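# Residue-level structure breakdown
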Amino acid sequence: MRKELLFAFGAFFVMSLHAIAGNFSSEPLEKQPVNEMTVNVYKKDVTGDGKKDTITLKAVPFSPDALFLKQIWVDIKTSEGSEIRIDYEGGYEPKIQFVDLNHDGIKDMLYSSATGGSGGLYNVALHTLADNKLVDIGLPEPLTIQAQFEDDYQASISFVDTNQSYTVDLRDRKEDYDRLGIYTDGTLNEPMELMVLPYAFFEPTKIIGKPGKGLKGYQQISGAYKADGIGTATSYWYYENDQWNLIKIKWKANK
């Protein structure tokens, strides 16, 4: 009798396992729903055929109520029916500007989104879809800048690309720099470079003497920390002969 009960219990246990396995295998695996959103829809001719294409900027937020968008991309449906996708870096408040920057007569796509950091930096990308071919045009290289603290609460800044040099008076920050140990009675305790930040962002601009538009880039130079802004280098660029060419640099010290 005991053996019969054990056998019956074992048979019931095996049947139960099969039933459970059957339930799992019969139900399709469902993907986690994605909180996809449409940021903007543009109607522009980006291929050069004279007809408007549909450019849909989409994103997925970090969380349902978050302002930060962890995924950003654009779906492009051309007038000829082609479908093209461009993936961008995540950020805040993304947008696309349509302007011919490589001067081929066709509008390029200049993407930007704020990173949200203390330096006011943006993610930027530039593409062309001329003749339905996606090409990353790229952006200007960072400037070559030599910047360091000098004695007597001064700073020297040199733009190697254009042979421009400037001296900045930092005496209004004396108390802060003494507290941080950078200076002692106006003498540097040790050689120390300034902080040259990457480009904050680019924007289209008119270049005097050149047809069409170029780009204007902003780079901040800071002292002891990022928020200790000393000034901004604004560089002007023009795309010619398949490359970005530096036109001029303007330096503006913070007051």
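The structure displayed is predicted, hence computed values, not measured ones.

As for its position among the elements, Ser 156 is in strand E10 (residues 154-159). A polar contact is formed between the side chain of Ser 156 and the side chain of Gln 148, at a distance of 2.8 Å. Excluding its chain neighbours within four sequence positions, the residues that come into contact with Ser 156 are Gln 146, Ala 147, Gln 148, Glu 150 and Tyr 166.

Scanning the model with the defined rule gives ten salt bridges in all. As a salt-bridge pair, Asp 75 and Lys 58 come within 3.2 Å of each other at their nearest N and O atoms. Pair noted here: Asp 75 is in strand E3 (residues 69-77) and Lys 58 is in strand E2 (residues 53-61), with a separation of 17 residues, a long-range link. For Asp 169, the salt bridge goes to Arg 171, with nearest N and O atoms at 2.5 Å. What emerges from the salt-bridge pattern is a single network uniting Glu 36, Lys 58 and Asp 75.

Taken in spatial order, the four strands line up as E1-E2-E3-E4 in an open sheet, and their pairing is antiparallel. Each of the sheet's edge strands pairs with one partner strand only, and the pair in question is strand E1 (37-44) and strand E4 (83-88). Going from strand to strand, the sheet's axes swing by 20 degrees on average, the running direction of each strand aside. Judged from the seven bridges that link them, E1 and E2 form a sheet pairing that is antiparallel. Opposite Asn 40, over in E2, you have Leu 57 as the bridge partner.

Definitions and cut-offs
Think of each chain on its own: its residues are numbered from 1, step by step along the sequence as written. Totals for whole chains, interfaces and linings use all residues, but because this is a predicted model, local features are given only for residues with pLDDT of at least 70 and pairs of side-chain atoms are given and counted only at 80 or more. Note that the side-chain values use all heavy atoms of the structure and ignore hydrogens as well as water. Put simply, DSSP H or I for four residues or longer makes a helix, DSSP E for two residues or longer makes a strand, and each gets a number counted from the N terminus. Contacts described as polar in this section are N or O atom pairs within 3.5 Å, which, within protein, must combine one atom able to donate a hydrogen with one able to accept it, while residues neighboring in sequence count only if both atoms come from side chains. The contact criterion used throughout is that any non-hydrogen atoms of two residues lie within 4.5 Å. We define a salt bridge as a side-chain nitrogen of Lys or Arg found within 4 Å of a carboxyl oxygen belonging to Asp or Glu. Strands are treated as partners if at least two bridges between them are detected by DSSP. Axis definition: a line fitted to C-alpha atoms, limited for helices to the stretch in contact. Angles are taken between N-to-C directions and run from 0 to 180 degrees.

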